[in-house]
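# A structural walkthrough
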Amino acid sequence: MTAAIGFLMIIAIVALLLKGKMSPIVVLAVIPVIAALILGFSPVEVMDFIADGIKTTTSNGILFIFSVIYFGVLADTGLFDVIVGWLVKKAGNNVIAVTVVTALIATIAHLDGTTAVTVLITIPAMYPVYKKMNIDSRILLCLTGACMGVMNLLPWGGPTARAATVLAMDATELWHMLIPLQVVGLMMNIILAVLLGMLAIKHGAGAGKGVEVESDEKEKKEAADLRKSNAYLIFNFLLTVGVIALLSTGIGKSYVIFMLGLCILLAVNYPNQKLQDKLIKKHAPAALIISATLFAAGAMVGVFDGTGMLEAMANAIMAIIPAALGKYVHIIFGILALPLGLCVGTDAYFYGIMPLVMQVGETYGVASLNTALTMLIGKNLALMVSPLVPATYLAIGLTGTELKDHMKFSIPPYYIISLIMLVFGVILGVVAI
């Protein structure tokens, strides 16, 4: 009975999230409560389950609030625009240099962990260059998505925070384990950029072989008032390097580091209360929505654990999985992560499927941490080819590319990179088998 209710609950959560009829916050908080009440638990018991679950998400939720606002304000100062302009100038008329620079820009742009921002920084900056040099726009999309997928392993990127929520651990601590794989992924992206640059040359790309694209002057004027001088931008760059360095060392809580970083950023760049309030209000909605979703997910995890549904479902699955394959369940789902990530939304994947796979793995002696690490990699690489991710449509809209063309071109290299990262995870000992 408990297992059956649990499976029905997961199906309901995944279905509602895929249909997009309700906010993830509502789905993740309400459906588990209904399931717990059906199983006979009292409202007081259910509220205790929820409270216990939310406790595990507090630090990650606060991290999102301050990190998203920090990088939003940083973008307003114009730092990313300066870096992008310098890199484009350095690339010149060399096709391979242009594709490599695209990878570098997308990597830097995704420091904030926000997919839409990465797309809006990378594609408008590089699309005119691609058109001018007759480089296939699918290459621009492919490189942007690949770098976004690897960089999205950052603790404030979303998936890592979601996995950490399910594991009841700090997102930064989980990220520290993923850093070697992230380095491998970034190296693979540079190799991919070189190979795609060579492919573009083979298909006739080069200086003066394309057409000019008019830039949008209106958007440039709207942002000009917030941009700072070079002296400020140097300070902002050093401040950001310092923040990331502190996060990498694990000294202090990640949300405390971002909170202090945000305060310094605002005080130095915009020493005016009204303007500071305006900028915080500008970026706060995105931050609060993500954080609220994390808290709702914590409620779901609390109900999962408190009612015993997860254990019951794992036992049911264990009864039909061959014992010989049980100890490799994390590797199997690591291989399937990208295809699953294409078909299932982020919340449904991390809060519906991952907890169940973790519990099944535990019954065969596979640590939940190992399962989370393998399932994170492929899902992240599926980010900008998934028809369930809004940034995918934003990206193809900016380049005038059909979704099917983008998917056919990008999925094979993404899958290869995800499998290479998984293999290196095993070789480097990040993932145990």
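Overview of the structure. Note that the structure is predicted; figures quoted are calculated from it, not measured.

### Observations regarding the overall build of the protein
Tallying secondary structure elements over the protein gives 21 helices and zero strands in all. Overall, the protein is about 70 × 55 × 40 Å in size when its C-alpha atoms are taken along their principal axes. Across the 433 residues in the protein, those meeting the buried criterion constitute 51%. Expressed as a percentage of contacts within the protein between residues at least 6 apart in sequence, the contacts between residues at least 24 apart total 80%.

### Regarding the packing of helix 4 (residues 58-76) against helix 14 (residues 273-307)
In contact at an axis separation of 8 Å, helix 4 and helix 14 are set at 155 degrees when each is read in the N-to-C sense. For the element pair helix 4 / helix 14, the angle class is roughly antiparallel. With respect to the hand of their crossing, helix 4 and helix 14 are arranged in right-handed fashion. Contacts between helix 4 and helix 14 pair T58, N60, G61, F64, I65, V68, I69, G72, V73 and D76 from the former with L279, I280, K282, H283, A284, A286, A287, L288, I290, S291, L294 and F295 from the latter. For the contact of helix 4 with helix 14, the per-class residue count stands at 14 nonpolar, six polar and two charged.

### Here's the deal with the environment of G204
Tracing the chain through its elements places G204 in the loop between helix 10 (171-202) and helix 11 (217-224). Separated by 192 residues in sequence, G204 and A12 place their C-alpha atoms 50 Å apart.

### Description of the packing of aromatic side chains
Aromatic ring pairs are defined here through the distance separating the ring centres and the angle between the ring planes. According to the stated counting rule, one finds three aromatic pairs in the structure shown. For the ring pair F41 and F49, a centre distance of 5.5 Å and an interplane angle of 75 degrees mean the geometry is edge-to-face. Looking at K379, its charged tip hangs above the ring of Y349, at a distance of 5.5 Å from the centre.

### Describing helix 21 (residues 403-427)
Taking 1.5 Å as the rise per residue, helix 21 with 25 residues should run 36 Å; its terminal C-alpha atoms sit 35 Å apart, in good agreement. At S410, helix 21 is bent by approximately 35 degrees, the largest bend along its length, and proline P412 sits one to four residues beyond. Looking at the residues trailing helix 21, positive phi occurs at G429, about 85 degrees.

### A look at a nonpolar patch on the surface
Together, L325, Y328, I332, I335, L336, L419 and I433 give the surface a local cluster of nonpolar side chains, amounting to about 590 Å² of exposed area. Top contributing element to the nonpolar patch by residue count: helix 17 (residues 329-343), with three residues. Within the secondary structure, I433 is located in the segment after helix 21. Classification of I433 by relative accessible area gives exposed; the value is 66%.

### What to know about the pattern of salt bridges
Pairing of side chains with opposite charge becomes possible as their charged atoms draw close. One pass over the structure, following the stated rule, counts four salt bridges. A salt bridge links D52 to K55, with the nearest nitrogen and oxygen atoms 3.9 Å apart. Separated by three residues within a single helix, D52 and K55 lie in helix 3 (residues 43-55), roughly one turn from each other. For D52, a relative accessible area of 45% puts it in the partly exposed group. Its relative accessible area of 61% is what places K55 among the exposed residues. Here K404 and D405 are joined by a salt bridge, their closest N and O atoms 3.4 Å apart. Judged by relative accessible area, D405 falls into the partly exposed class, the value being 26%.

### What to know about the environment of F304
Of note, F304 is situated in helix 14. Measuring from C-alpha to C-alpha, the distance between F304 and V366 comes to 19 Å, with 62 residues separating the pair along the chain.

### Describing helix 10
For helix 10, which comprises 32 residues, the first-to-last C-alpha distance of 43 Å matches the rise-based estimate of 46 Å (1.5 Å per residue) to within 8%. The residue sitting at the N-terminus of helix 10 and contributing the capping side-chain oxygen is D170; that oxygen lies 3.0 Å from the backbone nitrogen of T172. Of the residues flanking the end of helix 10, it is G204, one or two places downstream, whose phi is positive at about 95 degrees.

### Points about unusual backbone geometry
Residues other than glycine seldom take positive phi values, yet N134 does so here, at roughly 60 degrees. Examined against the element boundaries, N134 turns out to sit in the loop between helix 7 (115-132) and helix 8 (137-151). The backbone of A168 sits at a positive phi, close to 60 degrees, despite the residue not being glycine. A168 sits in the partly exposed class, given a relative accessible area of 48%.

### Structural notes on the state of the cysteines
All told, the structure shown has zero disulfides when counted by the stated rule. The thiol of C142 is not disulfide-bonded; the next cysteine sulfur, from C147, is found 9.1 Å away. Classification of C147 by relative accessible area gives buried; the value is 1%.

Definitions and cut-offs
Residues numbered from 1 in each chain as written. Predicted model: local features only at pLDDT ≥ 70, side-chain atom pairs only at ≥ 80, totals over all residues. Heavy atoms only, no water. Helix = DSSP H or I, 4+ residues; strand = E, 2+ residues; numbered from the N terminus. Buried < 20%, exposed > 50% of the residue type's maximum accessible area, 1.4 Å probe, protein only. Contact = heavy atoms within 4.5 Å. Axes fitted to C-alpha atoms, helices over the stretch in contact; angles between N-to-C directions. Parallel < 35°, antiparallel > 145°, perpendicular 65-115°, else oblique. Left-handed = near helix turned anticlockwise from the far one by under 90°. Nonpolar A, V, L, I, M, F, W, Y, C, P; charged D, E, K, R; others polar. Phe/Tyr/Trp six-rings, centres within 6.5 Å; stacked < 30°, edge-to-face > 60°. Lys NZ or Arg CZ within 6 Å of the ring centre and 35° of its normal. Expected span 1.5 Å × (residues − 1). Bend = angle between axes of the 7 residues up to and from the residue. Patch = residues over 30% accessible without salt bridge, like charges linked within 9 Å, V, L, I, M, F, W, Y side chains within 5 Å. Areas by Shrake-Rupley, 256 points an atom, 1.4 Å probe, with all protein chains shown as cover. Salt bridge = Lys/Arg side-chain N within 4 Å of Asp/Glu carboxyl O. Polar contact = N/O pair within 3.5 Å; in protein donor to acceptor, adjacent residues only side chain to side chain. Disulfide = S-S within 2.5 Å.

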